[in-house]
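Coordinate analysis (summary)
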Amino acid sequence: FCVSRGIVELERNGVYGASLIKKKKYWPKGVPGDGINTHFADKDVNHCEVLEAKIDSLPFQVMCMKEPNYVMKIMCMWMTLDDFIGGQ
């Protein structure tokens, strides 16, 4: 099971979700995990940022927070207010 593929398929069916991600053999498709770790190397613990990217032209976010020994990454897709207002 590929987390990024699952998140995309959920969104295609109108379900927004999030999943904690980590590297097994590889990072989930579309997630530059090693680049995120490098970017956070000199950040203080509890520093947070959100990375935005696309898979199959669908936008997703990776919420990142520096922990003492690693960078926590949560991949998610959600509806924006613009999507909601545009859908009425």
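Since the model is a prediction, treat every value here as computed from it, not as a measurement. (Residues numbered from 1 in each chain as written. Predicted model: local features only at pLDDT ≥ 70, side-chain atom pairs only at ≥ 80, totals over all residues. Heavy atoms only, no water.)

Here we take up the sheet that holds strand β1 (residues 18-21). One key point about sheets: their strands pair by backbone hydrogen bonds, in either a parallel or an antiparallel sense. Ordered in space as β1-β4-β3-β2, the 4 strands form an open sheet in which the pairing is antiparallel. Every other strand in the sheet has two partners, leaving β1 and β2 (48-55) as the edge strands with one partner each. On average, adjacent strands in this sheet sit at an angle of 25° to one another, irrespective of strand direction. Contacts from helix α2 (residues 33-40) reach β2, β3 (58-66) and β4 (71-76), with the element oriented near 135° to β4. (Pairing = 2+ DSSP bridges. Helix = DSSP H or I, 4+ residues; strand = E, 2+ residues; numbered from the N terminus. Axes fitted to C-alpha atoms, helices over the stretch in contact; angles between N-to-C directions. Contact = heavy atoms within 4.5 Å.)

Right, let's get into the layout of surface pockets. Approximately 170 Å³ is the volume found for the second largest pocket. Every residue lining the second largest pocket is counted, 10 residues in all, and those nearest its centre are Val3, Lys22, Lys24, Tyr26 and Pro28. Grouping the constituent residues of the lining of the second largest pocket by class yields 8 nonpolar, no polar and 2 charged. (1 Å grid on protein atoms, 1.4 Å probe; cavity = no way out; pocket = protein on both sides within 12 Å on 5 of 7 lines; lining within 4 Å. Points joined across faces, edges and corners; volume = space filled by probe spheres on them. Nonpolar A, V, L, I, M, F, W, Y, C, P; charged D, E, K, R; others polar.)

By the secondary structure assignment, Ile7 is in helix α1 (residues 3-12). Classification of Ile7 as buried rests on a relative accessible area of 6%. Apart from residues lying up to four places away in sequence, Ile7 is in contact with Gly17, Ala18, Ser19, Met75, Cys76 and Met77. (Buried < 20%, exposed > 50% of the residue type's maximum accessible area, 1.4 Å probe, protein only.)

Moving on to the side chain of Lys73. The residue Lys73 is located in strand β4 in this model. Polar side-chain contacts of Lys73 include one of 2.8 Å to the side chain of Asn37. When sequence neighbours within four positions are dropped, the list of residues in contact with Lys73 reads Ser19, Leu20, Ile21, Trp27, Gly33, Ile36, Asn37, Val62, Met63 and Cys64. (Polar contact = N/O pair within 3.5 Å; in protein donor to acceptor, adjacent residues only side chain to side chain.)

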